[in-house]
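Structure at a glance
Chain by chain, the residues run as shown.
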Amino acid sequence: MAEQEKGMTIFLDVFRRADKNDDGALSMEEFKSFFSDGVLGCDDLENLFREIDTHKTNNLDTGELCTYFSKHLGAFKEIFGAVEDMNKSISKALTSTSQVYPKSSFMEQFTIRFLMREILNQMAALQRPVEAASDAIDENAVTERGGVPQAMQTESSRPAGVVPGRVARRARRQLSTQTSMPEGSGPLTAQIERLRNLVDKLENKVNFEGISEEQVDIQNEQTMILVRRQLAVNEEHDKAFRDSLRKYIEGSNITDGCLHLSVRTYSGSNMFVLYEMWEDQDAWKGHSSSSLAKSFQHSNIDNLETPEQLTTMPIPSSWWKRDE
C-alpha cells in the first residue's frame with residue numbers, strides 16, 4: 001500500500017502474530033491456525049484464504065490482508081484509528097512521565113499517580129462492553145453452526161491449556177504485541193501493562209521516611225480535642241464582637257484543661273476562625289457548659305451575620321506531649 005490507511009497498523013500486528021515462521025508471508029496452514037475461531041470450518045477458512053489471496057500466490061502478504069480488512073471495517077474504522085492514536089499517545093505520556101515524575105513536588109506526584117490510575121479505569125470500562133458483545137456474538141455463532149465441523153487450532157499455535165473458539169480468541173487478545181508501531185511504542189495491550197507497572201512503581205516510591213507508626217490499645221488511647229469555630233461577624237457589630245472575643249479568650253486561657261487558643265482573620269473578609277485545644281473530651285464539655293462559654297455564645301447571636309460553624313476533632317494526646 002503506497003500510503004497506509006489510518007488504523008491499519010493494527011493489521012500489521014495481526015500479520016506478524018500469524019506469521020509463525022517470520023518469512024513475511026502467511027501460508028494456508030498459518031492462516032487457518034491463527035484465524036480458526038471455533039465457528040468457521042476448514043472449508044470456510046480455505047475459501048476465505050483464497051478470497052484474500054488476490055495475487056494468487058498461495059501465500060498472503062501484508063498488503064492483501066490490510067486490503068481485505070479495510071473493506072470490512074465499517075463502524076470499527078474510527079475505533080482502530082483511535083486505538084492507533086491512543087497507543088502513540090500513551091507511549092509519549094509514559095516517556096514524559098518517567099522524566100518529569102522524579103522532579104515533581106509531592107502533591108504533583110500524587111496527581112500524576114491519580115491520573116494514571118484513572119486512565120487504567122477508563123480503559124477497563126471501555127473493554128468490558130466490547131468483551132461482553134464479542135462473547136455474545138461468539139456464543140450465538142457457535143449455536144447457529146451446531147453440527148458443522150469446525151477447524152481446530154494446531155497444538156503449536158495454541159497457548160497451553162487453551163481451547164479453540166471464544167477462549168482462544170480472548171487469550172490471543174491478551175497475548176497481542178504490536179511491533180509495527182514506531183520504535184518504542186508497542187501495542188495497546190503492552191502499553192496498558194506498562195502504564196500499570198509504572199503506576200505501581202511510582203506509588204512504591206512514596207517516601208515515608210520520618211513518619212512514625214504508633215501502636216496503641218484502643219481502650220486506653222488518650223485524646224485531646226481540637227475545636228474549630230468559624231464566625232462570620234456583622235460589620236456593624238465588629239467592635240462588640242472583638243470585645244466579647246477578648247473576654248472569652250482571656251477567661252478560657254486560665255481555665256483548667258485549656259491547652260491553647262488561636263484566632264485567625266482573613267484580609268478583605270469579616271470571617272474569624274477560633275481554634276481551641278482542650279486536654280480531653282471532659283475538659284471541653286465542662287468548659288462548654290460554663291458561664292464564660294454561654295456568655296460568648298449569647299453575644300454571638302447579636303454579633304454574627306450567620307450562626308457559627310463549630311467542629312471538633314479528637315487528636316492523640318501523645319502528639320501534644322511530644323512537642324512540649
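Figured I'd write up the structure that's included with this text. (Residues numbered from 1 in each chain as written. Predicted model: local features only at pLDDT ≥ 70, side-chain atom pairs only at ≥ 80, totals over all residues. Heavy atoms only, no water.)

Let's talk about the packing of aromatic side chains
For the structure shown, the criterion picks out 11 aromatic pairs. An angle of 40° between the planes, with centres 5.2 Å apart, marks the rings of F11 and F80 as tilted. In this pair, F11 is assigned in helix α1 (residues 9–18) and F80 in helix α5 (residues 77–100), connecting sequence segments 69 residues apart. Given the relative accessible area of 6%, F11 is considered buried. When its relative accessible area of 22% is taken as the criterion, F80 is described as partly exposed. Relative to F69, the ring of Y68 lies with its centre 5.2 Å away and its plane at 80°, an arrangement referred to as edge-to-face. Put simply, the rings of F11, F31, F34, F35, F49, Y68, F69 and F80 pair up and form one aromatic cluster. (Phe/Tyr/Trp six-rings, centres within 6.5 Å; stacked < 30°, edge-to-face > 60°. Helix = DSSP H or I, 4+ residues; strand = E, 2+ residues; numbered from the N terminus. Buried < 20%, exposed > 50% of the residue type's maximum accessible area, 1.4 Å probe, protein only.)

Quick look at the pairing of strand β2 (residues 258–265)
The side chains of a regular strand alternate between both faces of the sheet. Of the strand pairs in this sheet, β2 and strand β3 (residues 271–278) are connected by 7 bridges, and their pairing is antiparallel. Paired with R264 across the bridge in β3 is V273. Hairpin connection from β2 to β3: 5 residues lie between these consecutive antiparallel strands, with G268 at a positive phi of about 80°. (Pairing = 2+ DSSP bridges.)

With respect to unusual backbone geometry
Of all residues except glycine, most have a negative phi; of all peptide bonds, most are trans. Within the chain, K56 stands out as a residue other than glycine whose phi angle is a positive 55°. Note on placement: K56 falls in the loop between α3 (42–52) and α4 (62–70). The backbone of N58 sits at a positive phi, close to 65°, despite the residue not being glycine. Positionally, N58 belongs in the loop between α3 and α4. Using a relative accessible area of 60% as the deciding quantity, one classes N58 as exposed.

Things to note about the nonpolar core
Formed by 20 residues in total, the largest nonpolar core has its most connected members in F11, V14, F31, F35, I52 and L60. Breaking this core down by element, the ones donating at least two residues are α1, α2 (28–35), α3 and α4. By residue number, the principal contributor to this core is α1, which donates 5 residues. Core analysis: the next-biggest nonpolar cluster, separate from the first, contains 18 residues, V227, L231, L245 and I249 among them. (Core = buried A, V, L, I, M, F, W, Y, C linked by side-chain atoms within 4.5 Å.)

Some remarks on the environment of H298
Relative to the helices and strands, H298 is located in helix α11 (residues 291–303). Distance from H298 to S244, taken between C-alpha atoms, is 10.0 Å for residues 54 residues apart in sequence.

What about the sheet that holds strand β4 (residues 309–316)?
The strand order across the open sheet formed by 4 strands is β2-β3-β1-β4, and the pairing between neighbours is antiparallel. The open sheet is flanked by β2 and β4, the only strands paired with a single partner. Taking the axes of each pair of neighbouring strands and ignoring which way they run, one obtains an average angle of 15° across the sheet. Pairing analysis gives 8 bridges linking strand β1 (residues 223–232) to β3, with the strands arranged antiparallel. By the bridge assignment, I225 is partnered in β3 with W278. Sheet contacts for helix α10 (residues 281–288): β1, β3 and β4; angle to β3, the most-contacted strand, approximately 130°. (Axes fitted to C-alpha atoms, helices over the stretch in contact; angles between N-to-C directions. Contact = heavy atoms within 4.5 Å.)

Concerning α3
For α3, the full list of buried residues reads L45, L48, F49 and I52. One face of α3 carries all of its buried residues, which in axial projection span an arc of 105°. Contact partners of the buried residues in α3: α2 and α4. (Arc of directions from axis to C-beta.)

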